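Here is what each chain is made of, one letter per residue.
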Amino acid sequence: MTETRSTCPYCGVGCGVIIESEGARITGVRGDPEHPANLGRLCSKGSTLHLTATPMVLQTRRLLQPAWRPARGAAPEALGWGEANERIAARLAAIRAEHGPDAIGFYISGQLLTEDYHAFNKLARAVVGTNNIDSNSRLCMSSAVVGYKQALGADAPPACYEDLELADCLFIAGANPAWAHPILFRRIEAARQQRPGMKIIVVDPRRTESAEFADLHLQILPGTDVALFHGMLHACIWEGWIDQAFIAAHTEGFEALKALVRAMTPAAAARVCGIAEADLLQAAAWFARSPASLSLYCMGLNQSSSGTAKNTALINLHLATGQIGRAGAGPFSLTGQPNAMGGRETGGMATLLPGHRDPANAEHRAEIARLWRVEALPEKPGKTAVELFEAAARGEIKALWIACTNPAQSLPEQALVRRALERCELVILQEAFADTATSAYADVLLPAASWGEKEGTVTNSERRISRVRAAVPPPGQARADWQIASDIAAALEKRLGLPRRFGYERPEQLWLEHREATRGRDLDISGLSYALLDRAGPQQWPFPEGALQGRARLYEDGRFATANGRARFVSQPFALPLAPANAQYPLALSTGRLRDQWHGMSRSGVVARLFGHEGAPALSLHPQELPRRGLAEGDLVRLRSAQGELTLPLRADAGVAPAQAYVPMHWGSEFVAGLGVNVLTQPGFCPDSKQPELKYAAISLQRLELP
Ligand code: SF4
């Protein structure tokens with residue numbers, strides 16, 4: 001048996017794993033006791049990873065060779081990599097010549113490694129010449145990115161996992177770490193045992209397992225987070241719990257914010273949020289007066305039409321009370337995907353450039369053009385996730401290259417997404433699995449290597465870079481994602497008569513280029529190397545040349561990443577969701593994650609034991625809603641929103657508040673009548689972060705009569 005150290009490919013906790021293999025077969029997995037994120041522990045998903053790579057899965061689920069459909073709806077025909085690369089390059093060159101570079105779009109994934117991201121980003125911007133590259137991290141983290149940049153000057157989570165053990169007050173908002181980040185939650189449970197005085201507050205419209213564990217659950221109405229945070233800040237100002245010295249020395253914009261929250265008294269905020277005023281005041285007191293307060297937040301804040309405002313309103317609370325830049329204190333966004341952070345670092349999104357640069361900044365574009373040895377980078381703003389598919393549905397995007405993600409299940413307003421895919425002249429799908437919902441729309445299928453089969457790096461939620469290592473070769477003709485992108489980029493360069501910049505042979509070559517893009521920036525990793533990561537284990541950034549170790553916490557000196565070093569209070573008013581519940585659609589539907597499933601289940605859905613927790617999707621309603629509507633548990637109900645309809649069995653769940661509804665987001669068309677819950681969600685997004693409002697849809701219900 002061979003043992004290989006690598007990283008779990010599921011969530012942003014980024015646990016270290018030891019893969020056990022025999023020959024070309026993965027036989028087991030266990031937690032890496034030396035990885036600082038998990039210290040040997042694994043959750044239900046991580047500990048069953050080897051079951052996603054059984055011979056049966058490899059033979060029946062994996063894409064094993066490149067294939068091209070002769071016509072839409074026809075069976076794909078196998079072809080070799082050489083021919084596939086040349087044909088793709090020829091089609092992309094022809095589309096580019098006829099319609100321009102912006103007729104081509106790339107939709108990639110937070111599942112990709114940093115090296116893969118770098119290859120795609122350089123291909124899109126330096127070879128095709130478009131900023132139309134976005135990632136499914138848009139659905140996950142973009143509100144956190146913009147929130148950090150607006151308030152603190154850089155997209156850099158200032159805290160670390162150790163702070164979970166050092167916080168006196170843990171404020172968990174819009175996150176259910178007990179299910180979505182289980183290993184972090186184990187650390188929280190252990191911390192509370194060690195420190196019985198630690199206070200835990202959970203803000204969530206549902207009574208989740210995390211909420212059950214909390215000292216105080218603020219069960220707010222969906223979408224009212226900004227009102228809550230403003231009301232808490234009002235209370236802190238009124239009670240004298242703010243840190244005047246910190247505000248004066250390290251921030252700007254407080255007077256404008258103070259004026260904004262003046263009308264949001266605790267009583268007014270409690271009314272908007274549907275909670276008791278006393279609970280709001282208790283939360284404000286614990287948050288402001290604890291020696292160290294740490295907030296953890298995730299999709300509940302991010303996936304919203306006011307996602308950025310929710311992030312900045314929470315950061316405002318930290319700044320006003322001086323709860324930042326100290327052990328156990330600070331705003332700490334959790335990443336959903338294993339390498340959402342790496343994607344942000346490499347700038348693999350329409351609104352970013354490598355090294356936390358900005359594509360709208362001419363100097364930043366020129367810096368990257370110099371590093372990549374190209375004349376210039378494209379200036380025209382790129383389209384973000386929803387915009388890419390809207391443009392494709394209008395016929396403006398002619399070719400879409402989708403890598404390692406399943407937009408025909410995961411994007412909002414599925415009817416539009418599927419129209420977009422049908423209308424594209426060329427859909428390239430680079431995937432490990434043969435049977436995702438998107439594969440039916442692909443003209444070209446490119447087999448990608450999966451977890452345990454590829455080399456590179458990922459960055460977890462606490463800015464820690466870990467190595468990902470191959471334990472076995474990829475099955476069939478599957479290749480690493482960076483290699484697929486690099487080879488096609490080389491073929492395209494040749495056709496376009498461009499100097500050769502692609503043709504990488506090892507992922508480390510890509511990583512070294514990425515490293516150069518960070519030099520002198522807030523995320524500087526010029527002091528890191530693969531060799532150091534191999535020798536010393538995972539490291540946090542920044543880690544500049546000459547440093548002996550990375551930095552666990554940021555802003556400890558009170559100097560922020562803004563031009564003048566002061567953090568900014570961001571004054572954004574509370575706003576309702578884009579399409580709130582109304583007489584026609586009276587229920588507020590929220591979507592969310594289950595403990596034992598991951599995303600669209602393309603990986604976790606092959607592990608039988610992961611269905612022991614929840615075996616099938618259902619619509620959950622508060623028990624008192626059932627008799628009122630003439631419904632009973634187990635009834636089949638039709639859910640309707642302005643976007644579409646879906647049929648699901650009904651379940652009573654006291655954790656869901658009255659007049660609300662809940663559906664897990666994992667299942668797609670293969671399990672339920674319809675296209676999965678995103679047939680109901682709407683494409684509206686936060687104007688700053690462009691992150692769609694996946695957590696809120698107004699719906700109606702109708703019982704389906706049994707025949
Ligand atoms: Fe994997 Fe996340 Fe579970 Fe850790 S917590 S084992 S990274 S799924």
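The rules behind these values
Residues numbered from 1 in each chain as written. Predicted model: local features only at pLDDT ≥ 70, side-chain atom pairs only at ≥ 80, totals over all residues. UniProt positions renumbered as here; feature names shortened; annotations may be inferred. Helix = DSSP H or I, 4+ residues; strand = E, 2+ residues; numbered from the N terminus. Rg over C-alpha atoms; globule rule 2.2 N^0.38 Å. Buried ≥ 20, exposed ≤ 12 C-beta atoms within 10 Å, placed from the backbone. Contact = placed C-beta atoms within 7 Å. Near = placed C-beta within 6 Å. Nonpolar A, V, L, I, M, F, W, Y, C, P; charged D, E, K, R; others polar. Domains from an automatic or database assignment. Pairing = 2+ DSSP bridges. Axes fitted to C-alpha atoms, helices over the stretch in contact; angles between N-to-C directions. Parallel < 35°, antiparallel > 145°, perpendicular 65-115°, else oblique. Left-handed = near helix turned anticlockwise from the far one by under 90°. Arc of directions from axis to C-beta. Core = buried A, V, L, I, M, F, W, Y, C linked by C-beta atoms within 7 Å. pLDDT = per-residue confidence, 0-100.

Labelled according to an unreviewed UniProt entry, the chain appears under the name Molybdopterin-dependent oxidoreductase, originating from Paucibacter sediminis. The UniProt entry for the chain carries the following text under Sequence similarities (unreviewed entry): "Belongs to the prokaryotic molybdopterin-containing oxidoreductase family. NasA/NapA/NarB subfamily."

With that settled, the discussion passes to the overall build of the chain. For the chain, the count of helices and strands is 24 helices and 26 strands. For 707 residues, the compact-globule formula gives about 27 Å, and the C-alpha radius of gyration of the chain, at 24 Å, lands near that figure. With respect to the three principal axes, the spread of C-alpha positions in the chain is 75 × 70 × 55 Å. The proportion of buried residues among the 707 residues of the chain is 61%. For the chain, long-range pairs separated by at least 24 residues make up 74% of all intrachain contacts whose partners lie at least 6 apart in sequence.

For the rest of this paragraph, the subject is the UniProt feature "domain: 4Fe-4S Mo/W bis-MGD-type" (unreviewed entry) in the chain. UniProt's feature table lists "domain: 4Fe-4S Mo/W bis-MGD-type" (unreviewed entry) at residues 1-57, given in the numbering used throughout. Between the C-alpha atoms that bound residues 1-57 there is a distance of 21 Å. The span itself is 5% helix and 35% strand.

Neighbouring residues of the ligand: 14 residues in total, closest Cys8, Cys11, Cys15, Cys43 and Gly46. Grouping the amino acids of the shell around the ligand by side-chain chemistry returns nine nonpolar, four polar and one charged. The residues that make up the shell around the ligand include at least three from each of domain 1 (2-60) and domain 3 (143-333).

Here we take up the sheet that holds strand S17 (residues 456-459). Ordered in space as S17-S18-S19, the three strands form an open sheet in which the pairing is antiparallel. Looking at strand neighbours, the two that pair on one side only are S17 and strand S19 (539-540), the edges of this open sheet. Bridging between S17 and strand S18 (residues 464-468) involves four bridges; their strand directions are antiparallel. Note on S18: the bridge partner recorded for Thr457 is Arg467.

Taken together, the three strands give an open sheet; going across it, the order is S1-S2-S3, and neighbouring strands pair in antiparallel fashion. Bordering the open sheet on either side are strand S1 (2-7) and strand S3 (25-31), each of which pairs with just one other strand. Neighbour to neighbour, the strand axes of the sheet diverge by 30 degrees on average, direction disregarded. In terms of strand pairing, strand S2 (residues 16-22) meets S3 through six bridges, oriented antiparallel. Its bridge partner being in S3, Ile19 is matched across the sheet by Val29.

Attention now moves to the packing of helix H9 (residues 225-239) against helix H13 (residues 277-289). At a minimum axis distance of 9 Å, the contact between H9 and H13 shows a crossing angle of 65 degrees. Here H13 runs roughly perpendicular to H9, going by the angle between their axes. For H9 against H13, the interelement crossing comes out right-handed. On H13, the residues touching Leu228, Gly231, Met232, Ala235 and Cys236 of H9 are Leu280, Leu281, Ala283, Ala284, Phe287 and Ala288. Its residues assigned to classes, the contact of H9 with H13 comprises 10 nonpolar, one polar and no charged.

Let us look at the domain arrangement of the chain. On domain assignment, one finds that the chain holds domain 1 (2-60), domain 2 (67-140 + 341-540), domain 3 (143-333) and domain 4 (587-703). Averaged C-alpha coordinates put domain 1 and domain 2 at centres separated by 25 Å. At the interface, 22 residues of domain 1 touch 16 residues of domain 2. Residue assignment for the side of domain 1 that touches domain 2 shows that the elements contributing at least two residues are S1, S2 and S3. Looking at which element gives the most residues to the side of domain 1 that touches domain 2, the answer is S1, with five residues.

Note that an α-helix has 3.6 residues per turn; residues three or four places apart therefore point the same way. Residues of helix H11 (residues 254-261) that are buried: Leu257, Leu260 and Val261. One side of H11 holds all its buried residues, which, seen down the axis, span an arc of 85 degrees. For H11, the exposed residues set more than 90 degrees away from the buried face come down to Glu255 and Ala259. Elements that come into contact with the buried residues of H11 comprise H9 and helix H15 (307-321).

This brings us to the nonpolar core. Phe120, Leu170, Ile172, Leu228 and Met232 are the most contacted members of the largest nonpolar core, which totals 195 residues. Within the second largest apolar cluster, 28 residues are counted, among which are Tyr585, Leu587, Leu675 and Leu680.

Attention now goes to the confidence of the model for the chain. Parts of the model with low pLDDT should not have their predicted coordinates read in detail. Residues of the chain with pLDDT of at least 70 account for 99%, and the chain-wide mean is 96. Taken together, the chains of this predicted complex give a pTM of 0.96 and an interface ipTM of 1.00.

On to the pairing of strand S13 (residues 330-333). Of the two faces of S13, the one holding Gly330 and Phe332 and the one holding Pro331 and Ser333 are both buried throughout. Strand direction decides the pairing type here: strand S12 (residues 293-297) and S13, joined by four bridges, are parallel. Each bridged residue has a counterpart across the sheet, and for Ser295 the counterpart in S13 is Pro331.

On to the packing of helix H3 (residues 114-128) against helix H21 (residues 481-496), then. For the pair H3 and H21, the least separation of the axes is 8 Å and the interaxial angle reads 20 degrees. Compared by their axis directions, H3 and H21 come out roughly parallel. Seen from above, H3 lies across H21 with left-handed handedness. Listed contacts from H21 to Glu115, Asp116, Ala119, Phe120, Leu123 and Val127 of H3 are Asp481, Trp482, Ala485, Ser486, Ala489, Leu492 and Glu493. Looking at the contact of H3 with H21, its residues break down into eight nonpolar, one polar and four charged.

Of all the six residues making up strand S15 (residues 426-431), five are buried; the element is thus mostly covered by neighbouring parts of the structure. Here strand S14 (residues 399-403) runs beside S15; their pairing, made up of five bridges, is parallel. Looking at S15, one finds that Ala399 is bridged to Leu426. For S15 and strand S16 (residues 444-447), the ladder comprises four bridges, and the chain directions are parallel. Following the sheet pairing, Leu429 is matched in S16 by Leu445.

This part covers helix H4 (residues 142-152). In terms of residue burial, H4 counts as a mostly covered element, since 11 of its 11 residues are buried. The complete set of buried residues in H4 reads Ser142, Ser143, Ala144, Val145, Val146, Gly147, Tyr148, Lys149, Gln150, Ala151 and Leu152. Those residues of H4 that are buried are in contact with helix H14 (299-302), H15, S13, helix H16 (340-346) and strand S20 (567-568). Following H4 by one or two positions, Gly153 adopts a phi angle in the positive range, close to 95 degrees.

Turning to the environment of Arg192, a few remarks are in order. Within the secondary structure layout, Arg192 lies in helix H7 (residues 182-194). With 18 C-beta atoms packed within 10 Å, Arg192 lands in the partly exposed category. Between the alpha carbons of Arg192 and Ala167 there is a distance of 9.7 Å; along the sequence they are 25 residues apart.

Looking at the secondary structure, you find Ser290 in the loop between H13 and S12. Expressed as a C-alpha distance, the spacing of Ser290 and Leu233, which sit 57 residues apart in the sequence, is 15 Å. Leaving out residues up to four positions away in the same chain, Ser290 has contacts with Asp168, Cys169 and Lys199.

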